[in-house]
Amino acid sequence: MTREELLEAIGRIDDDLIQEAEDCRLPARRPGLTHWRPLAGGLAACLVLAAVFYLPFGMSGGGDNTTSGAAGSSSAAQESQTDHSAGTAQDGGSDVWSGSGSGEALPENPSAGNESSGGASSQEGGAAQDVLRTPAGEYTLTGELASALPEGSRQLGVLFLEGEDSKEGLYTTRREYAGCMLWEGPDGTLYVKLPGDGYALARPAE
Amino acid sequence: MEDQQIIELYWARSEQAIRESETKYGAFCLSIARNILAQEQDAEECVNDTWLRAWNAMPPQRPGILSAFFGKLTRNLSLDRWRYNRAAKRGGPQVETALEELGECIPAPGRPEDRLEERETAALISRFLREQPQLDRVLFLRRYWYLDSVAALAERFSMNENTVKSRLHRTRLRLKEVLLREGVAV
């Protein structure tokens, strides 16, 4: 087989793979959002260290107070550290693709169940639901899937991972959906084009 | 207009089918042709030829995924034009580089009877790609099906170019192993 024959053979691969490669895109990094987070993380770490070292030795009062202060600050430090590491992990993956191993793949059926790689909202306790935000309001992902768009649907645009810089955009709290195309059905239901086949449904939040 | 309606227009031999195809998929097909051909005029002609080919193909065909159907037609037409241009030394640069890179996947010569048909090779590659992590699969397709440049991929996926290159390299090596194992040879 020659290189050109291989290129021709690639030209005949399955249509759904071609479509997936067309649909799948991540928004380019927006400058300004990526730089402050590591700085904020560093600052938080400094504050935690300062609290750990300052409170036991710098506080006046009896030994009991000191001990409880140290314990309190230590537990606070632990919490802060937990928050910080969570933030760092999220920042480190600020592009979904940058992970290593096979964990970076978007799920074939992301709406099924609460996978550990769920978006920001799923990390905020089990009860939190994944939502989409549009200029028209907030929508909740129902977990339902549709194989095709209903007639009369219109394209709204590409979803971004929930950001802080604009209320005009289309946002999702679900990391896997960042970069996916969002559609609106004639009845107001939103449809997220999944990387494989199908659409995830979202309805207006009550 | 829905894809199904466009297909029905082709089946009804309505010329509106071509106008609707152009409206909905013209930009998509043009981006594929532009990646392959250096001359804008060539790219536009290939896209126009795409609708003609589609007109001749439907009926009897009824494509499952219309975008992929048009995309394949454009890609084939553009590669044909690219070959013609290459003979006249007017080829586009992305195809040459993609071909060079794909050379890594070609196993050593084997017996002629080991040679797989192009269609079988395509099926093999499809199966191989389905087993790859999604990022690697999409990068591979964008590079060797859509013939996007490495720089365009880096921008599209917010990655740096070296990461794109090394991921593509690793996927090519894995593909080579599969092609060897399955007996794809010259």
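Residues numbered from 1 in each chain as written. Chains lettered and ligands numbered in written order. Predicted model: local features only at pLDDT ≥ 70, side-chain atom pairs only at ≥ 80, totals over all residues.

What follows deals with the pairing of strand 1 (residues 131-134) of chain A. The two faces of a sheet get side chains in turn, since along a regular strand they alternate between them. Residues and elements named next belong to chain A. Burial along strand 1 is one-sided: the face carrying Leu-132 and Thr-134 is buried and the face carrying Val-131 and Arg-133 is not. Bridge analysis of strand 1 against strand 2 (residues 137-146) gives four bridges, and the strand direction is antiparallel. Note on strand 2: the bridge partner recorded for Val-131 is Thr-140. Taken together, strand 1 and the strand that follows it, strand 2, pair antiparallel across an intervening segment of two residues. Here strand 1 pairs with strand 5 (residues 171-172) via two bridges, running antiparallel. Paired with Leu-132 across the bridge in strand 5 is Thr-172. (Buried ≥ 20, exposed ≤ 12 C-beta atoms within 10 Å, placed from the backbone. Helix = DSSP H or I, 4+ residues; strand = E, 2+ residues; numbered from the N terminus. Pairing = 2+ DSSP bridges.)

Bringing unusual backbone geometry into the picture now. Residues and elements named next belong to chain B. The omega torsion across Met-58 and Pro-59 is -15°, close enough to zero to call that bond cis. Note that Pro-59 resides in the loop between helix 3 (40-57) and helix 4 (66-87). That bond from Pro-59 to Pro-60 is cis: its omega, 15°, falls within 30 degrees of zero. Within the secondary structure, Pro-60 sits in the loop between helix 3 and helix 4. The phi dihedral of Arg-13 falls on the positive side, at around 60°, and the residue is not glycine. When you line up the elements, Arg-13 lands in the loop between helix 1 (3-11) and helix 2 (16-36). For Arg-13, a count of 10 C-beta atoms within 10 Å translates into the label exposed. Unusually for a residue other than glycine, Leu-147 sits at a positive phi of about 60°. Its location among the elements puts Leu-147 in the loop between helix 7 (134-144) and helix 8 (150-156).

Bringing the sheet that holds strand 7 (residues 190-193) of chain A into the picture now. Taken in spatial order, the eight strands of this open sheet run 3-6-7-8-2-1-5-4 (chain A), and their pairing is mixed. The open sheet has two free edges, formed respectively by strand 3 (154-158) and strand 4 (160-161) of chain A, since each of these has just one partner strand.

We now examine helix 9 (residues 161-181) of chain B. Residues and elements named next belong to chain B. Along its 21 residues, helix 9 runs 30 Å from first to last C-alpha, staying within 8% of the 30 Å computed at 1.5 Å per residue. Along helix 9, the residues that are buried comprise Val-164, Arg-167, Leu-168, Thr-171, Leu-175 and Leu-179. For helix 9, the buried positions fall inside an angular range of 115° around the axis, keeping them on one side. When the buried face of helix 9 is taken as reference, the exposed residues oriented beyond 90 degrees from it are Asn-162, Ser-166, His-169, Arg-170, Leu-173 and Arg-181. Buried residues along helix 9 sit in contact with helix 6 (118-130), helix 7 and helix 8. (Expected span 1.5 Å × (residues − 1). Arc of directions from axis to C-beta. Contact = placed C-beta atoms within 7 Å.)

Interpretation in functional terms is not warranted from these geometric data alone.
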